[in-house]
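Architecture at a glance
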Amino acid sequence: MTIKEIFRLSHRELVAYRTRSRATVITIGVLFGFLLAILFIMQGLENIALKYAGNKTDNVVYLASSYENRNLVLERISEFDGEITTLTNEQKAEIGEEIPDSFVLAKFDNLENAYRYYSKTDAKELHYNADDYEIVELFSNQVRAYRYFREKNRSFVRPASIVLMIVSAFILAFTMAHLIASSTKTFVLYRSIGASRVQLLIIYFVYLMELCVRAAIFAICLGLVLAAIMTGVGWNYLLEQLIEVYPNVPEFPPILLGVNWQCFEVIVCMFLAAPVSFLLCLDQFSNKKIAQKLKGD
């Protein structure tokens, strides 16, 4: 049996059980579509928030740090690609107060590096007291905004992706079980024309993957539509809030649509559901099970 024949036979199963296949695609697509919509919206909201937050400093992050071990401060700034700097007269006037000599001022061109430095997650490794290590962001709140979105993603998106993958795996397994129950004679037909057990498994695995491809396309389209709707609904409200928080910043369109690596992780989770559900139904392809179903028929 050639690869072309395998794909043709797997597609035949989808066409033969069109209603059931569409119901599975829509169910899984809706589950992941809502999750993708949340990801698109949250990333779009993060993009616009950081654009406003970083406008005043051209996206440069200024952090003033103080700790009893000054060499440790300098070492950490260097490790996270920070650069020691001094304030201009205009910047000093904007702050409105003198920065104590105990503070070291550094600027970071990369927000992620600034966030990692600010988070002090290496306290145990470098043996310093994070509570006594003081860090203050000047001129903007980019790090705080960045941290807010990181925490939301960590506490919600990853757990939700795992739960949805498990639910989708069971939906696919349920679909596969019903398909197998009604396709016993088809199995015998395939075996009679020379299909081996491995080829039989490949046919139905490809069928599951085709369901996942269609569900992924549906989920992406649904996510984009929901993100567009939220953008339209919240446009004026977001502009009002952003202008209130950042009064001297030019207006940027609050488009709630952004893409990050987590979006691709969600799609990968969808396709991981296929082999998981396939393994759950693997015993249904044994000769013993097929014989029992034939006797039942």
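It should be noted that the structure appears before, not after, this text.
Here goes a summary of the coordinates provided. Position numbers for residues count from 1 along each chain, tracking the sequence in the order it is written. Given that this is a predicted model, residues contribute local features only at a pLDDT of at least 70 and side-chain atom pairs are listed and counted only at 80 or more, while totals for whole chains, interfaces and linings are drawn from all residues. Side-chain measures were taken over the full set of non-hydrogen atoms in the model, leaving aside hydrogen atoms and water.

**Notes on the layout of surface pockets**
Detection works on a 1 Å grid of protein atoms alone, calling trapped sets that fit a 1.4 Å probe cavities and calling open sets with protein on both sides within 12 Å along at least five of seven lines pockets, with lining residues defined by an atom within 4 Å of a point. Grid points are joined across faces, edges and corners, and a volume is the space filled by probe spheres set on the points. Reported here for the largest pocket is a volume of approximately 340 Å³. Lining the largest pocket are 14 residues, and of these T86, L87, I99, F103 and L105 sit closest to its centre. The nonpolar class holds Ala, Val, Leu, Ile, Met, Phe, Trp, Tyr, Cys and Pro. Asp, Glu, Lys and Arg form the charged class, and all remaining residues, Gly among them, are polar. Of the residues contributing to the lining of the largest pocket, the split by class is 7 nonpolar, 2 polar and 5 charged. Of the voids in this model, the second largest pocket is the one considered here, and its volume is about 260 Å³.

**So, a nonpolar patch on the surface**
Grouping into patches uses exposed residues only, defined as over 30% relative accessible area, and leaves out salt-bridged ones; the cut-off is 9 Å for like charges and 5 Å for nonpolar side chains (Val, Leu, Ile, Met, Phe, Trp, Tyr). In these tables, accessible area is a Shrake-Rupley quantity obtained with a 1.4 Å probe, and a residue counts as shielded only by the protein chains included in the view. What makes a salt bridge here is a side-chain nitrogen of Lys or Arg within 4 Å of a carboxyl oxygen of Asp or Glu, nothing more. Taken together, the side chains of I162, I166, F170, V276 and L280 define a hydrophobic patch exposed on the protein surface, amounting to about 460 Å² of accessible area. Helix and strand definitions follow DSSP, with helices as H or I runs of at least four residues and strands as E runs of at least two, each counted in order from the N terminus. When contributions to the nonpolar patch are tallied by element, the ones reaching two or more residues are α7 (142–181) and α10 (261–280). No other element matches the 3 residues that α7 contributes to the nonpolar patch. One can find F170 in helix α7. The buried label goes to any residue with under 20% of its type's maximum accessible area, the exposed label to any with over 50%, and the partly exposed label to all in between, with areas taken from a 1.4 Å probe on protein chains only. Residue F170 is classed as exposed on the basis of its relative accessible area, which comes to 53%.

**Observations regarding unusual backbone geometry**
For N59, which is not glycine, the phi torsion reads 70° and is therefore positive. With respect to the helices and strands, N59 occurs in the loop between α2 (18–53) and β1 (61–66). Overall, the relative accessible area of 44% leaves N59 in the partly exposed class. The phi dihedral of D81 falls on the positive side, at around 60°, and the residue is not glycine.

**Structural notes on the pattern of salt bridges**
Counted under the stated rule, the structure contains 4 salt bridges. The partner of E46 in a salt bridge is R150, and the shortest N-O contact between them spans 2.9 Å. Here the residue E46 occupies a position in helix α2, and R150 occupies one in helix α7, the gap between them amounting to 104 residues. No difference in accessibility class separates E46 from R150, as the two residues are buried. A salt bridge links R214 to E210, with the shortest nitrogen-to-oxygen separation between them at 3.4 Å. Here E210 and R214 lie together in helix α9 (residues 197–245), a separation of 4 residues that amounts to about one turn. Judged by relative accessible area, which is 18%, E210 ranks as buried.

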